[in-house]
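The residues making up each chain are set out below.
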Amino acid sequence: MPKKVMKSVFSRLWIYLAVLGPGLITASADNDAPGIATYSMAGSTYGYSFLWLLLVITIGEVVVQSTAARMGAVTGKGTADLIRERFGVKITFFAMLCLLAANLGTTIAQFAGIAAGAELLGINRFIAVPIAAALISFTVLQGSYRYVEKMLLILCLSALSYVISAFVINPPWGEILQNTFTPTFQSDPNYILAVLATIGTTITPWGIFYMQASVVDKGVDAKDFHLTRIDVVSGAVWGNVISAFIVITTAATLFIYGITVDSAEEAAQALLPIAGEGAKYLFSAGLLGASLLAASVLPLSTTYAVCEAFGWERGLNQRRSDAPIFFGLYAVMIAISVIVVLIPGIPLFSIMVLSQSLNAILLPVLLVLVIKLANDKRLMGEWVNGKLQNIFTIALTGLISLVTVALLFFSV
Amino acid sequence: MLYVSQLEGQRVWDSWGNIIGRCKDVLTNYVEKPFPHLLALVLKDGDREDRFIPAHQITSLFPSIILNVPKEQIKPYQPTGQELWLADQMLDHQIVDIEGRRVVRVNDVQLAHVQEKYRLTGVDVSGRGLLRRLGVEPIADKFGKFINHPLSKTVIPWQDIAYLQEGDPIQLGISREKISKLPPVDIATILNGLNRNTGQAILAEMDNETLADTLEESPSSTQIAILSHLDSERAADILEEMDPDEAADLLADLPDETTYKLLELMEDEEAEEMRSLLDFPDNSAGGIMTTEFAWIPPDLTSREALSFLRSSKDALEDEQMYYIYVIDDDWKLHGVITLRDLVMAAPDSKLDEILDPDPISVSPLTSQEDVAYLVAKYDLLAVPVIDTDRDEMLGVVTVDDAVDAVLPTAWKKRLPRFF
């Protein structure tokens, strides 16, 4: 009965594929434009010394994302929904303000990425950014986003060129390994900002909301949860390996020559060893793909979460007049992003990196709420956080808060 | 008017004027119509265990909560499990607004002194409720008047609310009754807006027919989510109740293993129909056609045709019946007659004279877009699908299924709930 066996293999695969996905998407979004900018800046400025941080972040991302996924699977509710029901209006209001600030910052950064990517191709940002904004709004509001997503994900694969690049350059692997497992720290405000940006671009407030919403949406329940965990772990490892290679490549090509990246042109030079003249096109493709993808998902998931928390009509199948806040907030986020990026002389690269530092600074607010929710017996039943998960999440929250305090301390 | 948010955390005084704790929650019953009355207050006093103060020992709730007995004479209310905890179970939770046919979030709960008792009268879902909870209602109110846009008061009366507490059969029963009466498309929207567990709890209480109608109106992701949480027997029963074309679409979206299992569980006749529909691609005429259509044999008079239809099982199952198809024993299509012409024709007139012997038809592999084009071009309400090789009529594509292909809403329907 070979045919029957094949069938069951395929249907098993189907189940896996149906559950897989959100982890991979959020992880790919680690390497969005602000992500690439942050890693390039970190690698070119501080060499291999950031690699240990990536190891810590990978573990942190797995713990945080799988907690979010578990909350979705057990409760069948979104993050905003849980926060509102458990903590009431005041805390929800504060949490949503933080989410909004973090996501608006990141959306602006995505448009900065679009502007930078377009300018590498020789297209003026005053033309590229408004067109991109119109295209994104159109596809998303038409509901055809799903069909564009695949194409954009393929563009994101250009981040793989960093991996190839690293092997072509053949950097000092011994030194790299050593740096991966030896933590180092500097008390320089710029260094601390870079640390925060690296954390903030990987473990994000929106990642938590997106993960939980996708799990709920796919109807994963607690007993299928082990599949989701595979998705989360493989996604996080994959995303961070790519991130590490961006750091390695920029360190090996730019850091050793003392070139500190603060523009897309300079960052693109890291790909010179494999692409030569084509480096800037390759870099631009990665930047544009990732930015367009994230700029489509982010404002939508933000406005969805906010409307969910306050019980306003939401969803793309609503008419505009029935869901004014849902569509209004979306439009405002896109409009602000476009305007900020078009301010003459605004440094695109700094926007991308600083927005990610802001993400990290706001993250503890949400992490505290997540810890409380994930330990609520009434909500999670037998699926409450284990000791290890609590220790990791609390340590992560503490680490970020500490680094933030250090930033304030050393900046003064 | 009095709101639960104004009671929460308020000091509670006994008849001697001593503060004996703070109000933590307000309990009412929920079956009483139209307005459930207050049963008790939950009192919190430092680290001590919660105390329940019965309604009859409370003198007033507003502006201060005052009891009519001294602390020592409180006869604690014994919870029976039939109470509604307004702060814990209502505030911030989702409810269904039956009048508005939508899922809303409770910003505040309104109480009023009606017929000698404090009663739960309605639920505030407005921005004003949110502002009150944030503690800025008075300021916002002044500002609203100043800019000539006074804040609106939207309180939904309690009768128009379906409250959904998971794991409470009585409450769910009441809510399900209210929700089941809505049109299927509204039920689908509501289920889509509810969180998963509550949605499923409602589903479990619905009858198969309502559920089948609701599934037909749901986007495919919701359909799958709904089906996957029903046991297979019930899922198969519900699929039988659905329009064959909709049911086949749904089956096509499921993993093969599940599809086979469900087909096994369905009645033979229905399962056979499903299999034939599943053979065609989703976006072809064969994939969107329904096999339930009204037909009559050739050579009848109008009177005979009408009486044939009245006793025909296929006609009974044809939900639209815009056209009647004249078919012989080999399923060859002889012509089409509109229901209107059939009804208006003189009882003894031969139908051969009024039927259209050569109607527009499509093959099962005609694309959905082409079908939509033909339907629009010739102003049709349904198109027969004919297997040209064997000259057999297989089914009909109705206008609603044909135009799904070209309307943008059809794309949206396939998007996951998250967006």
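Residues numbered from 1 in each chain as written. Chains lettered and ligands numbered in written order. Predicted model: local features only at pLDDT ≥ 70, side-chain atom pairs only at ≥ 80, totals over all residues. Heavy atoms only, no water.

### A few points about a negative patch on the surface
Residues and elements named next belong to chain B.
- Where like charges cluster on the molecular surface, the negative patch consists of D207, E209, D231, E233, D237, E241, E267 and D268.
- Among the elements that line the negative patch, the one with the most residues is helix α10 (residues 232-241), at 3 residues.
- By relative accessible area, E233 is classed as partly exposed at 46%. (Patch = residues over 30% accessible without salt bridge, like charges linked within 9 Å, V, L, I, M, F, W, Y side chains within 5 Å. Areas by Shrake-Rupley, 256 points an atom, 1.4 Å probe, with all protein chains shown as cover. Salt bridge = Lys/Arg side-chain N within 4 Å of Asp/Glu carboxyl O. Lys, Arg positive; Asp, Glu negative; His and termini not counted. Charge placed at Lys NZ, Arg CZ, Asp CG, Glu CD. Helix = DSSP H or I, 4+ residues; strand = E, 2+ residues; numbered from the N terminus. Buried < 20%, exposed > 50% of the residue type's maximum accessible area, 1.4 Å probe, protein only.)

### Side note on the sheet that holds strand β12 (residues 117-124) of chain B
All names here are of chain B.
- Taken in spatial order, the 4 strands of this open sheet run β1-β11-β12-β13, and their pairing is antiparallel. Looking along the sheet, the strands with just one partner apiece sit at the ends: β1 (2-3) and β13 (155-157).
- Sheet topology note: the β12/β13 ladder contains 3 bridges and is antiparallel. Across the sheet, residue V123 finds its bridge partner in β13, namely I156. (Pairing = 2+ DSSP bridges.)

### Re the domain arrangement of chain B
Residues and elements named next belong to chain B.
- Assigned domains of chain B: these are domain 1 (1-158), domain 2 (164-279) and domain 3 (295-412).
- With centres defined by C-alpha atoms, the gap from domain 1 to domain 2 works out at 38 Å.
- Taken together, the contact pairs 11 residues of domain 1 with 15 residues of domain 2.
- Interface area for domain 1 against domain 2, summed over the two sides, is near 1,200 Å², with a carbon-plus-sulfur share of 60%.
- On the domain 1 side of the interface with domain 2, the three residues burying the most area are Y30, Q94 and R101, jointly 44% of the side's total.
- Seen at the junction of domain 1 and domain 2, the total is 1 salt bridge.
- With a shortest N-O distance of 3.0 Å, D186 and R101 are connected by a salt bridge. (Domains from an automatic or database assignment. Contact = heavy atoms within 4.5 Å. Buried area = accessible area lost by both parts, 1.4 Å probe.)

### Focus: the environment of A116(A)
Residue and element names in this part refer to chain A.
- In this structure, A116 sits in helix α5 (residues 79-120).
- With 224 residues separating them in the primary sequence, A116 and V340 have C-alpha atoms 14 Å apart.
- When near neighbours in sequence (up to four residues on either side) are disregarded, A116 contacts A264, L287, L348 and M352.

### Concerning the pairing of strand β19 (residues 392-398) of chain B
- Taken across its 7 residues, β19(B) has 5 buried, putting it largely inside the fold.
- Linkage of strand β18 (residues 382-387) of chain B to β19(B), two consecutive antiparallel strands, is achieved through a turn of 4 residues, within which D391(B) is found at a positive phi near 55°.

### A short note on the environment of I136(A)
Residues and elements named next belong to chain A.
- In this structure, I136 sits in helix α6 (residues 125-142).
- I136 gets classed as buried once you look at its relative accessible area, which sits at 3%.
- Between the alpha carbons of I136 and L293 there is a distance of 8.9 Å; along the sequence they are 157 residues apart.
- Setting aside its immediate chain neighbours within four residues, I136 contacts F111, I114, L292, A295, S296 and Y330.

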